[in-house]
Amino acid sequence: MEADEVMHINTPRGTVSIRPGLEGDAPAYRDLRLEALHDHPEAFSSDYETYAVKPMSYWVQRLRFDHPDNEVMMYFAAHGEELLGMCGVAYSRARKSRHSAYLVSMYVRPDWRGLGVADGLIAACRDWARAREITILKLGVASANVPAILCYVRSGFQVYGLEPQAIYHDGVYYDELLMARSP
């Protein structure tokens, strides 16, 4: 999937579009990301309190993806004008590591889970990586997040390691499974 393409998924709740993020998505992106961080703090290394105070210019900048050392693409799942899910793919332009990319910020609103939305987001990120000749996609997922793990396994990811105590929240440490696959 290239930066100007849109994929459509038919669900029992209606058609969902999987599309690249645009600067104009910044307010809805902020809301979606903050919802994910607030409602599932154990699933993300970022924290709600830090990002809730970021100005809108921060969120616009995140959708510009014009950092000289890295390339990132954020894909959104939308039903009409409502953003209901997101997943990013990022890689370093450094010569020795530009073959490897990471899935980041995966989140689908609870009422849209189980309908293939996450699968569509992952497919879009895989297509983007493949077009850039990425040879391996990696991700980290909280080891207690069984639905997410099953989604990634269904999408062809395999566990290659464990990062112990990767996230600390409210007095609890959470391990993270490290997973990878070819795009």
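Preceding this section is the structure that the text describes.
So, here is what we can say about the structure in this document. (Residues numbered from 1 in each chain as written. Predicted model: local features only at pLDDT ≥ 70, side-chain atom pairs only at ≥ 80, totals over all residues. Heavy atoms only, no water.)

As for the overall build of the protein chain
Stated precisely, the cut-off is as follows: To qualify as a helix, a DSSP run of H or I must reach at least 4 residues; to qualify as a strand, a run of E must reach at least 2; elements of each kind are numbered from the N terminus. Atoms considered for the radius of gyration are the C-alpha atoms alone. The globule rule reads 2.2 Å times the number of residues to the power 0.38. Per-residue accessibility, obtained with a 1.4 Å probe over protein chains only, is compared with the maximum for each type, and a residue is labelled buried under 20%, exposed over 50%, and partly exposed between these values. Whether two residues are in contact is decided by their heavy atoms, any of which lying within 4.5 Å being enough.
Looking only at helices and strands, one finds five helices and eight strands in the protein chain. Its helices and strands taken in sequence order, the protein chain reads β-β-α-α-α-β-β-β-α-β-α-β-β from the N to the C terminus. For the protein chain, whose C-alpha radius of gyration is 16 Å, the value lies close to the compact-globule estimate of 16 Å for 183 residues. When burial is assessed residue by residue, the protein chain has 44% of its 183 residues classed as buried. Look at the contacts in the protein chain between residues 6 or more apart in sequence, and 58% of them connect residues 24 or more apart.

A short note on the nonpolar core
This is how it is decided: By convention a nonpolar core is built from buried Ala, Val, Leu, Ile, Met, Phe, Trp, Tyr and Cys residues, the set being connected through side-chain atoms within 4.5 Å.
Leu121 and Tyr152 are the most contacted members of the largest nonpolar core, which totals 34 residues. Breaking this core down by element, the ones donating at least two residues are strand E2 (14–20), strand E3 (70–79), strand E4 (82–92), strand E5 (100–108), helix H4 (117–131), strand E6 (136–142), helix H5 (146–154) and strand E8 (172–181). When residues of this core are assigned to their parent elements, the largest contribution, eight residues, is made by H4. Contact partners of tyrosine 152, with chain neighbours within four places excluded, come to Met106, Ile122, Leu139, Val141, Phe157 and Met179.

Some words on the pattern of salt bridges
Our working rule: Between Lys or Arg on one side and Asp or Glu on the other, a salt bridge is scored when a side-chain nitrogen of the former is within 4 Å of a carboxyl oxygen of the latter.
Taken as a whole, this structure holds ten salt bridges when the rule is applied. Aspartate 25 is paired through a salt bridge with arginine 19; the nearest N and O atoms lie 2.8 Å apart. Accessibility assignment for this pair places aspartate 25 and arginine 19 in one class, buried. The partner of arginine 109 in a salt bridge is glutamate 35, and the shortest N-O contact between them spans 2.7 Å. Highlighted residues: arginine 109 in the loop between E5 and H4 and glutamate 35 in helix H1 (residues 26–39), separated in sequence by 74 residues. No difference in accessibility class separates arginine 109 from glutamate 35, as the two residues are buried. One network of salt bridges, in which partners are shared, links Glu35, Glu82 and Arg109.

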